[in-house]
Every structure is written in structure tokens, then in C-alpha cells.
Amino acid sequence: MSKLGDDATTATRTLRTMWQIRRFEEAVDDLFARGLMHGTMHLSIGQEASATGTCFALRDDDAITSTHRGHGHCIAKGADLERMMAELLAKETGYCRGRGGSMHIADVATGNLGANGIVAGGIPIAAGAGLAYQLQGLDRVVVSFFGDGAANEGAFHEAVNLAAIWKLPVIFLCENNKYGMSFSTEKSFAIENIADRAVGYGIPGVTVDGNDVEAVNEVVAAAVERARNGEGPTLVESVTYRWKGHSKSDKNLYRTKEEISEWRDRDPIIRFERSVVERGVLDQAAIDAVRAQATEDIRTAVRAANAAPDARPDDLLEAVFAPATA
Amino acid sequence: MTATPTAPAGTTDQGRVITYSEAVREALAEAMSADERVFVLGEDIGVYGGAFGVTGDLYHRFGAERVRDTPISELGIVGAAVGAALAGMRPVVEIQFSDFTCQAMDQIVNQAAKIHFMLGGAAEVPMVLRAPLGSGTGAAAQHSQSLEAWFAHVPGLKVVMPATAEDAKGLLLSAIDDPNPVIVLEHKLLYRTSGPVPEGAGRVPLGKTAVRRRGRDVTIVATGVMVQRSLEAAERLAADGIDVSVIDPRTLSPLDDAPILEDVSRTGRALLVQEAPGHVGFTAEIASRIVESPAIYRLLAPIRRLSGLDVPIPYAPQLETAAVPQVDGIVDAARSLMKDS
């Protein structure tokens, strides 16, 4: 199987997606800091390889469910940057017309069944989408992204068990970023690897370096193949780290500056860049061009979103229920 | 009621009488036959036929894929239904006792109810959750609740309480058609009751209040099993010369209040009956709608609510009976309402 960094086209695409995620999150951080964005946010800076490596193992018609820290998943699955930014900026042109915000971006057209504000909320939904594809005789698969914290929710247990007994085409993608808000995995788990829980459900469990985009991609691709062949779900634990706090109220009282700086040194994007340069797939000029392009992509999205009309309150009541079509 | 003779082959039997439970099963079978996206899932609904026997032989008729037994996993089951609905199916979940929806509340309240709105209309969750509710079976506090007001309080959920066999079928068919999550609460004591369900009886629209009986003196508004008790009370009151209306909202959310307000304006007296505890209950909403409308100027007496006591449902039969309205209590309440005016 070829790796994401083996050829210039795929490497460029991978790198551009990771930089788009990084720049998107930085732009959001900046807009919040300047008081130009409302609500709250959960940034995924440092976790770009996990989102990208995973989504790049999927077909366009495969689906994902995402989390409160979901911007990266959305972008990697092919969401429109301008519509995402417009949603965060409370615009009518946003994915949810201003009704969802950062934690509820979905794009059913690109197989994104939705981010989720409830920890583990998307996991049973992913199992259900997998059940639908199985009943429909389709060979689509679903990836359910969730964090380490979600693996201690009952919903995780119930959904993984259902997927295991029915051999549903689901990949349970646990992004272990070491903290459920402030509570460390050392304190919240009595096992070393979250993937070890797979044994309890009779499915494979794999732990992968979540800051290595190619390794994530390979592991997920194998799980996807298994799921597509009707062999059932896999639990993948992608070990990574969020550089920023949990949300904007986080003062980082539960972790040290040294720890953060250690993980910043393991920057998943820089790591991939070094690797492709060393392998002679891309040169520094090409890499600089990708970075500049991603920066420009986000600038364009912010500019266009800012110019879009504000979300309107006039049809809120009508929006609660879907209209009958029959 | 007695069963009517079988109609000659090739004709439809307009007088057919079947049980409430058979009516639910018939709706499920018709929906599954008509639309391959429809499937049912829940605990012990397969070979066992459902804890209350509702799914019966559906497993043998439609197979294990579409009449899907699940582990005891309410949150997982409802979540799977939400996901399947998002991905193009029309799941019908059976939760064995409505009390167990507490185990699944995140998926019902935070997910199913909100996805369409929260996603700006980009997705639909066409799922049905059926669950038996209510007391009267000696099953005590964790198997006897009436939680309809909880669901009716959540924007994005439709809530249905069928009181007759015909509605049990017709409202369920409409619920399955609906592009939104619909909670169908079936009273356990109604499962074995019978009523006319003409062959080929179809959909009963959601959001349409039914006037079960039209009277001159008092408007009784009742839900679930209280509809039958109110109709029984109405017969006894008629013998005393008190002529009452019995109105069954059927769909609690969205609520069709016009027939209620119109009838109260005519009688000037409102008696609101529910099995659930009175405090912050569904009939408090009905009372509010009456006093917020011009019907208030027609009231001849204060609105009267007759509800379950504000207690968990007790086990002992005499205690259980005392905890929720019975026919005698409805008769007494209507009489005192007449005396007050």
C-alpha cells in the first residue's frame, strides 16, 4: 500500500489539508481573542495528522461522526472552509445557518453526519449509520471520531458492542489527546492503552502514533478494508495532543509548560514536511508554496464569511420540525 | 366488546374489532411491507414477540434483520436508530418500558430532537420510539411512570398518546411517515382493550385533537388511559343529567388546542384529567392555554385538574389505585365542578 508521502500529488494534498486545519484554528483563536467571534471553541491544533490521516483513508461516500473538537475532521472530510467559517461567525451562509455553531457543523453531502456537543454522543449514531449501510447493501463505512474522555461513557460501550455483534462497518477512532478537559488519562483509565478495550468486545484494537499522518492513514485504511469486507468494526486509538486549552476558559492549571512544549516539538505537520523532503518527494519551495496556499485559503474564507449576511431569527419556529414531503 | 363476524372474502370489514396491541402490530407490518426502509429494533421483540406481545409474529414474517433483537442497551439502540435515520432508514424503536427511556435520554433529547434544527435543516431524523407507559400492572415505581410531559417539553420531539385501537394504528403509521422523531406512548392497560379498526384503516394525522363525545355542561380533556375512564365517567354523569364532552388531544406535541378552547368556551367548565403527577404536568399546559385565550371569559367555574398524586407509583394494588385518577374520581370532580358554578 502506498503512503501519503510517497508521491508529490498526495503529499501536497495531505500537507495542504493539515495546514488548512492549523490555519483555520489559528484564525478562530485570533477572532475570539479580538472579540470578533461569539460562543466558545475547541481547537485541534496539534491533532491535524489524526484527522487528516483518518479521513484520507475514506471514500467520498463514506461517513464520519465528529466531536466538539471537530473542525479538523470537517476540513479533512472535505467541508467548505467558507461555510464553516460563516457558521462560526453566526452567518446565514454557515453550514447550520447560525443555529449550530462550532460544535454542530455537519455536511451530510460530504458524509459528515455531524460534530457533537455531547461527549460520546456521536458513537451510537455512527453505529446506526453503519447499520443503515449494512441493511441497504452498500459497502460504505463510518468513522466515529471521539476523545479519550468519551471512552469512559456508557454510550461508547453500548455502541461498540452493537457494532461488534452485528459486524457493522464502523471504525471507532479514539483520539487520545491525554486529557478529558483537565482530567488526565493516567487518572481516568486503569489500562495503558485505550485500544486494549477492544478485547472486551471481541474486535481488533490498534494503538497508533496520532502525530504520524502516514501511520494513522495506514492503520485506518486496514480497518476500513476490514469493515468494507463485512468483517466488522475496529477500535483505533490515535495518540496525540492538543496544544491549546480545552476551550477558551482553560488556564492550563493541570499540565506543565514543559509537557506542552515537548509535544509542540512533535508537531505532526513539520514532521511530515521533514519526511517528504528527506524522501525527495517535495522540496522546500513546494512546501512553502503549500503553506502559503493554505494561509490564503483561510484568509479567503474569513473574508467571504465576514461579508456574508447575518443569520436571521425570522423563521426559527418553523425550523424546529422538518416539513412533511409526502 | 365482542368480536364481529369475519367479513366475506374480497370485501373489507368496516365493523372489524381488534385489540390495541394487534392494531400496533398491524401498523408495523403494513409499514414494513410498504417501505423497505422501515425496520423495528428493541429488546426481546423477535422470537419472544415483545414484553407486552406487541411485535408478536413479526419476526417470523419479516425476519431477524428487520425485526431486530438488541442487547439490553437503550442508549445504544436509540442512538443506532438516530444514525440509521440520518443515513436513510426509517427505524422504529421499541423501548420495553417507557421508564427505560431514562437510560437513553441523551440520544432522545440531545441528539434526535435537535439534529434537524441544529444543523440548519440539512438533515432529518425520521425515527419512531414506541414505549409502553403507565401504572396499573403492579410493577411499581420504575416500571409505571407517565413521563409524557418531559418529552412534550423538548422542542423537536413529537409526542403521541393513542387512546383507542384505531388511533394506535393510525397514529403510528403517521409517525413512521413523519420526517421527525416521534415518541409514541402506548398505555399498557390499553394493549388488551379492543375497538373498531376497519380493514384497510389508514393514517390518523398527527396534531389533530379528537372530540370523543360532545356535551353541554363540562369539557373533560384527558390523555391515554384516562380517555377511556372519562368516557366511562361520562356515561354515569349522563345518568345524573350532567352532559360532558370528552376531548382527547392524541398528539401532545405539537398540540392542536383549537377544539379544546372552542369546547370550553361552549361549556364554561374544564376538567383536565391525566395519570401523570399534577405538578408541572401536561394538563397545566392545557389550563394555561385556556386562561390565555378568550375562553377564560366564558368560564363559569375555576378550571379543575385531576392528576396522579405527586408520588412514585406504589406497588400494593390499593395504593397503586389510590395514586392515579379512577372513574369514581372523575365523576366526583365533574359533579363538584357543576356545584361550584
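Scoring rules and cut-offs
Residues numbered from 1 in each chain as written. Chains lettered and ligands numbered in written order. Predicted model: local features only at pLDDT ≥ 70, side-chain atom pairs only at ≥ 80, totals over all residues. Heavy atoms only, no water. Domains from an automatic or database assignment. Contact = heavy atoms within 4.5 Å. Buried area = accessible area lost by both parts, 1.4 Å probe. Patch = residues over 30% accessible without salt bridge, like charges linked within 9 Å, V, L, I, M, F, W, Y side chains within 5 Å. Areas by Shrake-Rupley, 256 points an atom, 1.4 Å probe, with all protein chains shown as cover. Salt bridge = Lys/Arg side-chain N within 4 Å of Asp/Glu carboxyl O. Helix = DSSP H or I, 4+ residues; strand = E, 2+ residues; numbered from the N terminus. Pairing = 2+ DSSP bridges. Axes fitted to C-alpha atoms, helices over the stretch in contact; angles between N-to-C directions. Polar contact = N/O pair within 3.5 Å; in protein donor to acceptor, adjacent residues only side chain to side chain. Nonpolar A, V, L, I, M, F, W, Y, C, P; charged D, E, K, R; others polar. Phe/Tyr/Trp six-rings, centres within 6.5 Å; stacked < 30°, edge-to-face > 60°. Buried < 20%, exposed > 50% of the residue type's maximum accessible area, 1.4 Å probe, protein only. UniProt positions renumbered as here; feature names shortened; annotations may be inferred. Core = buried A, V, L, I, M, F, W, Y, C linked by side-chain atoms within 4.5 Å.

Enquirer: Looking at this structure, I do not really get the domain arrangement of chain B. What am I missing?
Expert: One widely used convention gives an interface's size as the accessible area the parts lose upon coming together. All names here are of chain B. In terms of domains, chain B is made up of domain 1 (17-196) and domain 2 (210-339). In this structure, domain 1 and domain 2 have C-alpha centres spaced 26 Å apart. Facing the 25 residues of domain 1 at the interface are 24 residues of domain 2. Together, the buried faces of domain 1 and domain 2 total about 1900 Å²; carbon and sulfur atoms form 57% of this surface. Summed over the three residues of domain 1 that lose the most area to domain 2, namely Ser 135, Met 161 and Ala 163, the buried surface amounts to 24% of that side.

Enquirer: Is there a simple way to think about a nonpolar patch on the surface in this case?
Expert: Where nonpolar side chains cluster on the molecular surface, the patch consists of Val291(B), Ile296(B) and Tyr297(B) and spans about 330 Å² of accessible area. With respect to the element layout, Ile296(B) can be found in the loop between α10 (282-291) and β14 (304-308).

Enquirer: Even after reading the chapter, I still don't get the sheet that holds strand β7 (residues 234-239) of chain A, so can you show me in this structure?
Expert: The strands making up a sheet associate through backbone hydrogen bonding, with each pair oriented either parallel or antiparallel. Residue and element names in this part refer to chain A. Reading across from one edge, β1-β2-β3-β7-β6 is the order of the five strands in this open sheet, with parallel pairing throughout. Pairing within the sheet leaves two strands with one partner each, and these edge strands are β1 (63-65) and β6 (205-209). Direction aside, neighbouring strands of the sheet carry axes that sit 20° apart on average. Bridge count for strand β2 (residues 142-147) against strand β3 (residues 170-176) is six bridges, and the pairing is parallel. Note on β3: the bridge partner recorded for Ser 144 is Phe 172. On the sheet, helix α2 (residues 48-55) packs against β1, β2, β3 and β7 and is oriented at approximately 170° with respect to β2. The sheet strands contacting helix α8 (residues 213-228) are β3, β6 and β7, and the helix crosses β6 at an angle near 155°.

Enquirer: Looking at this model, I keep getting lost on the interface of chain A and chain B. Mind explaining?
Expert: Facing the 36 residues of chain A at the interface are 40 residues of chain B. In total, chain A and chain B occlude about 3000 Å² of area from one another, counting both sides; carbon and sulfur atoms represent 68% of this. When the buried surface of chain A facing chain B is broken down by residue, Leu135(A), Glu158(A) and Phe321(A) rank first, second and third, together holding 19% of it. Across the contact surface, chain A and chain B share zero salt bridges. Seen at the junction of chain A and chain B, the total is nine residue pairs in polar contact (both at pLDDT 80 or more). Broken down by secondary-structure element, the contributors of at least two residues to the side of chain A that touches chain B are α5 (122-135) and α6 (154-165) of chain A. For the side of chain A that touches chain B, a count of residues per class yields 24 nonpolar, nine polar and three charged.

Enquirer: Help me understand the packing of aromatic side chains, please; the structure alone is not making it clear to me.
Expert: In this description, an aromatic ring pair is defined by two values, namely the gap between the centres and the angle between the planes. In the structure shown here, the tally under the stated rule is nine aromatic pairs over all chains. With 5.5 Å between their ring centres and 55° between their planes, Phe146(A) and Phe156(A) make a pair best called tilted. Taken together, the positions of Phe146(A) in strand β2 and Phe156(A) in helix α6 put the pair ten residues apart, joining distant regions of the chain. By the burial criterion, Phe146(A) is buried, and Phe156(A) matches it. Ring plane angle 35° and centroid distance 5.6 Å describe the contact between Phe52(B) and Tyr191(B), whose orientation is recorded as tilted.

Enquirer: How should I be thinking about the UniProt feature "domain: Transketolase-like pyrimidine-binding" (unreviewed entry) in chain B in this particular structure?
Expert: Taking the numbering used here, the UniProt-annotated feature "domain: Transketolase-like pyrimidine-binding" (unreviewed entry) corresponds to residues 18-193 of chain B. Structurally, residues 18-193 of chain B is divided into 38% helix and 17% strand, and its ends, taken at the C-alpha atoms, are 8 Å apart.

Enquirer: Would you mind going over the pattern of salt bridges with me for this structure?
Expert: Any two side chains of opposite charge can pair, on the condition that their charged atoms come close. Considering all chains together, one arrives at 48 salt bridges over all chains under this definition. With a shortest N-O distance of 3.0 Å, Arg250(B) and Asp167(B) are connected by a salt bridge. Taken together, the residues span a long stretch of sequence, with Arg250(B) in the loop between β11 (244-248) and β12 (251-253) and Asp167(B) in helix α7 (residues 165-177) at a distance of 83 residues. Look at Asp167(B) and you get buried, because its relative accessible area is 3%. With a closest N to O distance of 2.7 Å, Arg289(B) and Glu285(B) form a salt bridge. Taken as a pair, Arg289(B) and Glu285(B) lie in helix α10 at a separation of four residues, close to a single helical turn. The partly exposed category is assigned to Glu285(B), whose relative accessible area is 35%. Connected through salt bridges with shared partners, the residues Glu92(A), Arg97(A), Arg99(A), Arg312(A), Asp314(A) and Asp315(A) form a single ionic network.

Enquirer: Can you help me understand the UniProt feature "domain: Dehydrogenase E1 component" (unreviewed entry) in chain A in this one?
Expert: Summarizing the sequence annotation, UniProt attributes the feature "domain: Dehydrogenase E1 component" (unreviewed entry) to residues 17-313 of chain A in the numbering used throughout. Split by type, residues 17-313 of chain A is 43% helix and 10% strand. Its first and last C-alpha atoms lie 34 Å apart.

Enquirer: Just checking my understanding: could you explain the pairing of strand β13 (residues 270-277) of chain B for this structure?
Expert: Each regular strand displays side chains that alternate between the two surfaces of the sheet. All names here are of chain B. Burial of β13 is extensive: seven of the eight residues sit out of reach of the surface. Of the strand pairs in this sheet, strand β10 (residues 218-222) and β13 are connected by four bridges, and their pairing is parallel. By the bridge assignment, Ala 222 is partnered in β13 with Val 273. Across four bridges, the pairing between β13 and β14 is parallel. Its bridge partner lying in β14, Leu 272 is registered against Arg 305.

Enquirer: What is the right way to look at the sheet that holds strand β3 (residues 67-69) of chain B in this model?
Expert: All names here are of chain B. In space, the seven strands of this open sheet follow the order β3-β2-β4-β5-β7-β6-β12, with mixed pairing throughout. Each edge of the open sheet carries a strand with a single partner, namely β3 and β12. Between one strand axis and the next, the sheet turns by 20° as a mean value, whatever way the strands run. Looking at chain direction, strand β2 (residues 38-42) and β3 are connected through three bridges and run parallel. Bridging across to β3, Leu 41 finds its partner in Arg 68.

Enquirer: In this structure, what is going on with the nonpolar core? I would like to understand it.
Expert: A general feature of soluble globular proteins is that nonpolar side chains tend to end up buried together. Phe146(A), Val78(B), Val82(B), Ile108(B), Met127(B) and Phe151(B) are the most contacted members of the largest nonpolar core, which totals 88 residues. Ranked by residue count, the leading element in this core is helix α3 (residues 74-86) of chain B, at nine residues. The contact partners of Phe151(B), leaving out residues within four places of it in the chain, are Thr101(B), Met105(B), Ile108(B), Leu157(B), Val159(B), Ile183(B) and Leu185(B).

Enquirer: Explain the environment of Asp107(A) here, please?
Expert: All names here are of chain A. As for its position among the elements, Asp 107 is in the loop between α4 (81-88) and α5. Sequence spacing of Asp 107 and Ala 79 is 28 residues, and the spatial spacing of their C-alpha atoms is 6.8 Å. Setting aside its immediate chain neighbours within four residues, Asp 107 contacts Ala 79, Tyr 95 and Asn 112. At 3.0 Å, the side chain of Asp 107 forms a polar contact with the side chain of Tyr 95.

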